[in-house]
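Now for the letters of each chain:
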Amino acid sequence: MKCCRFASWVLGLSIAVALLLFAALPQRQGAGHEDDAKETEPRPAIELPERPIELMIELGREDEEQVRWIGELKLSEGSVLEVDLVQASADSKVEGATFNVRTARRNGARPAQNERQNRRARQAARQQNRAARQQARQKQQQAATDQPSKKDAAGTDKGKPNQPGKTEKEPAPPQFHLVPVRMRVTLDAPVSATMTVSTNRGAFEFKLEDVTSGDEEEYLDGQASVSGELAATRLTGSKTEDDFPAMAKTPDGSIWLVYVEYTPGPPLVFERIVEGNFDLLEPHGHGDRIRLMQYDGQAWHAPIDVTESGLDVWRPAIAVDGRGDVCLAWAQSVDGNWDIYTRRFTPPGRGMPRGKLSATERVTDAPDTDYNVQLVSDPVGQVWATWQAWR
């Protein structure tokens, strides 16, 4: 029955094109939202670096045990804006430009991550083959000079029964391997600046211009590496996963950006899961919310919360109507039913010192899956919506 039901849904896929004028939308109560219209506080501008550079620093590339890397990053000129842990053990910490980190554990045997590791593996294999051939030659020479072999033609010791099919037991593959610490470092500095990385296991330094080409440079006998590039400017937080951006321009030249901000749950602690604490695998404390940002031609401003957090939403859309209002729409799952929701933001002006968010409106309520909404502003400033519906 489930297969038939799923097949009927797939075969019944239709694109429901609803020519929807926002001004004529029926007022329905939103679900999982603050339904009252509200004014928004003035948003401070986000400070953007003048000379953004992004580095990726790896530590512990050859570590066989989880040992500590404790140290600090220093610039000859400029400033360290942010240090993010991309990959490290759960107990690793970063404060400002200082770090106290360890390599992370991953399931299975260590993969060959780059050509250097592949080359070392091939070299080790050649050495093993040479040693095996040399050992075989030595055995042949010894057999020619010694007494007749104590083994019979079948290859078994005399006096012992033959045991066909018996082989030496192969060692079990490793349950885990170590991966190096990876730190993403954002700087505001000229490429002529020098960075010094001081650690309890050695120090090294480099000029930014030597690593901003994207090529990887190794230090500390291969235990550390650095690569970098002239960075794009980060607008959203490092502790959230932000995706599905969409943009629209208002008549006054402002750019508005809408996106989904996902807050992940607590990180998984591999060591505790291996010990049998599977409760950590149950997700909690996570969810989506929709946020809106403005670029006024000079700077980006802090985001506005279009919805609260902890929701399940999909691909917001944005358009600007003839009055300059920012129209927003998105798909959201409430009690397992995906429907289309909308909200309007009126920027400050027209006698209103603050911006204002309208109440949330629920556009669809059929027991189908409505998603992939798109908004279009026509030449006279009316906003229309289209979306897909699974029947």
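Residues numbered from 1 in each chain as written. Predicted model: local features only at pLDDT ≥ 70, side-chain atom pairs only at ≥ 80, totals over all residues. Heavy atoms only, no water.

S.K.: Please clarify how the overall build of the protein chain should be interpreted in this entry.
M.R.: Scanning the protein chain for helices and strands turns up three helices and 25 strands. For the protein chain, long-range pairs separated by at least 24 residues make up 63% of all intrachain contacts whose partners lie at least 6 apart in sequence. As presented, the protein chain carries roughly 23500 Å² of accessible surface, and 50% of it is formed by carbon and sulfur atoms. (Helix = DSSP H or I, 4+ residues; strand = E, 2+ residues; numbered from the N terminus. Contact = heavy atoms within 4.5 Å. Areas by Shrake-Rupley, 256 points an atom, 1.4 Å probe, with all protein chains shown as cover.)

S.K.: How do you make sense of the sheet that holds strand β13 (residues 217–219) when you look at a structure like this?
M.R.: Strand-to-strand pairing in sheets goes through backbone hydrogen bonds, with the strands running parallel or antiparallel. If you walk across this open sheet you meet the five strands as β5-β10-β3-β14-β13, and the pairing is antiparallel. Two strands in the sheet have a free side with no partner beyond their single neighbour: β5 (79–87) and β13. Sheet twist, expressed as the average angle between the axes of neighbouring strands with direction ignored, equals 25°. Alignment of β5 against strand β10 (residues 181–188), held across seven bridges, turns out to be antiparallel. The partner of E82 across the bridge, within β10, is T186. (Pairing = 2+ DSSP bridges. Axes fitted to C-alpha atoms, helices over the stretch in contact; angles between N-to-C directions.)

S.K.: Would you mind going over the confidence of the model for the protein chain with me for this structure?
M.R.: Caution applies to low-pLDDT parts of the model: their predicted coordinates are not meant to be read in detail. When pLDDT is averaged along the protein chain, the result is 79, and 71% of the positions lie at 70 or above. Confidence drops under a pLDDT of 50 for residues 1–29, and excluding neighbours within four residues, the segment shows 53 contacts in the predicted structure. Predicted confidence is poor over residues 149–161, with pLDDT under 50, and the contacts of this stretch with residues over four places away or in other chains come to five contacts. (pLDDT = per-residue confidence, 0-100.)

S.K.: Honestly, the side chain of T186 in this entry has me stumped. Any pointers?
M.R.: Looking at the element boundaries, T186 is found in strand β10. Overall, T186 belongs to the buried group, its relative accessible area being 14%. In contact with T186, not counting residues within four places along its chain, are I53, V80, L81 and E82. (Buried < 20%, exposed > 50% of the residue type's maximum accessible area, 1.4 Å probe, protein only.)

S.K.: Sorry, what's going on with the pattern of salt bridges here?
M.R.: Two side chains carrying opposite charge are able to pair once their charged atoms lie near each other. This model, assessed by the stated rule, comprises 20 salt bridges. Salt-bridge contacts for E216 lead to R61; the nearest nitrogen and oxygen are separated by 3.2 Å. A residue pair is termed long-range when its members are at least 10 positions apart, and E216 in the loop between β12 (202–207) and β13 and R61 in the loop between β3 (52–59) and β4 (69–75) qualify at 155 residues. With a relative accessible area of 43%, E216 lands in the partly exposed category. The exposure class of R61 is buried, given its relative accessible area of 5%. A salt bridge links R323 to D321; its shortest N-O distance comes to 4.0 Å. What you see here is one network of salt bridges that share partners, running through E58, R61, R182, E216 and E218. (Salt bridge = Lys/Arg side-chain N within 4 Å of Asp/Glu carboxyl O.)

S.K.: It is not clear to me how the packing of aromatic side chains should be interpreted in this structure. Could you clarify?
M.R.: Each aromatic ring pair is described using two quantities: the centre-to-centre distance and the angle formed by the ring planes. Enumeration over the complete set of coordinates arrives at six aromatic pairs. When the ring of F204 is compared with that of F206, the centres are 6.3 Å apart and the planes differ by 25°; the resulting orientation is stacked. Residues F204 and F206 agree in their burial class; the two are buried. Consider the rings of F204 and Y219, whose centres lie 4.7 Å apart with planes at 10°: the pair is stacked. Taken as a pair, F204 in strand β12 and Y219 in strand β13 lie far apart in primary sequence, 15 residues in all. Taking relative accessible area as the criterion, F204 reaches 7% and is therefore assigned buried. Classification of Y219 by relative accessible area gives buried; the value is 15%. Each member of the aromatic cluster is reached from another via a ring pair, and the members are F204, F206 and Y219. (Phe/Tyr/Trp six-rings, centres within 6.5 Å; stacked < 30°, edge-to-face > 60°.)

S.K.: Is there a simple way to think about the nonpolar core in this case?
M.R.: Counting residues in hydrophobic clusters, the biggest one holds 26 residues, and the most contacted among them are L55, I57, L73, L187, M195, F206 and L208. Mapped onto this core, the elements with two or more residues apiece are β3, β4, β7 (98–101), β10, β11 (194–199), β12 and β14 (224–230). Membership of the second largest hydrophobic core comes to 19 residues, among which are I304, V313, I318 and W330. (Core = buried A, V, L, I, M, F, W, Y, C linked by side-chain atoms within 4.5 Å.)

S.K.: What is the right way to look at the side chain of D321 in this model?
M.R.: In this fold, D321 is placed in the loop between β19 (313–320) and β20 (326–334). One polar contact links the side chain of D321 to the main-chain amide nitrogen of D325, over a distance of 2.9 Å. Among all residues touching D321, those that are not within four sequence positions of it are C327, R344, S377, G381 and V383. (Polar contact = N/O pair within 3.5 Å; in protein donor to acceptor, adjacent residues only side chain to side chain.)

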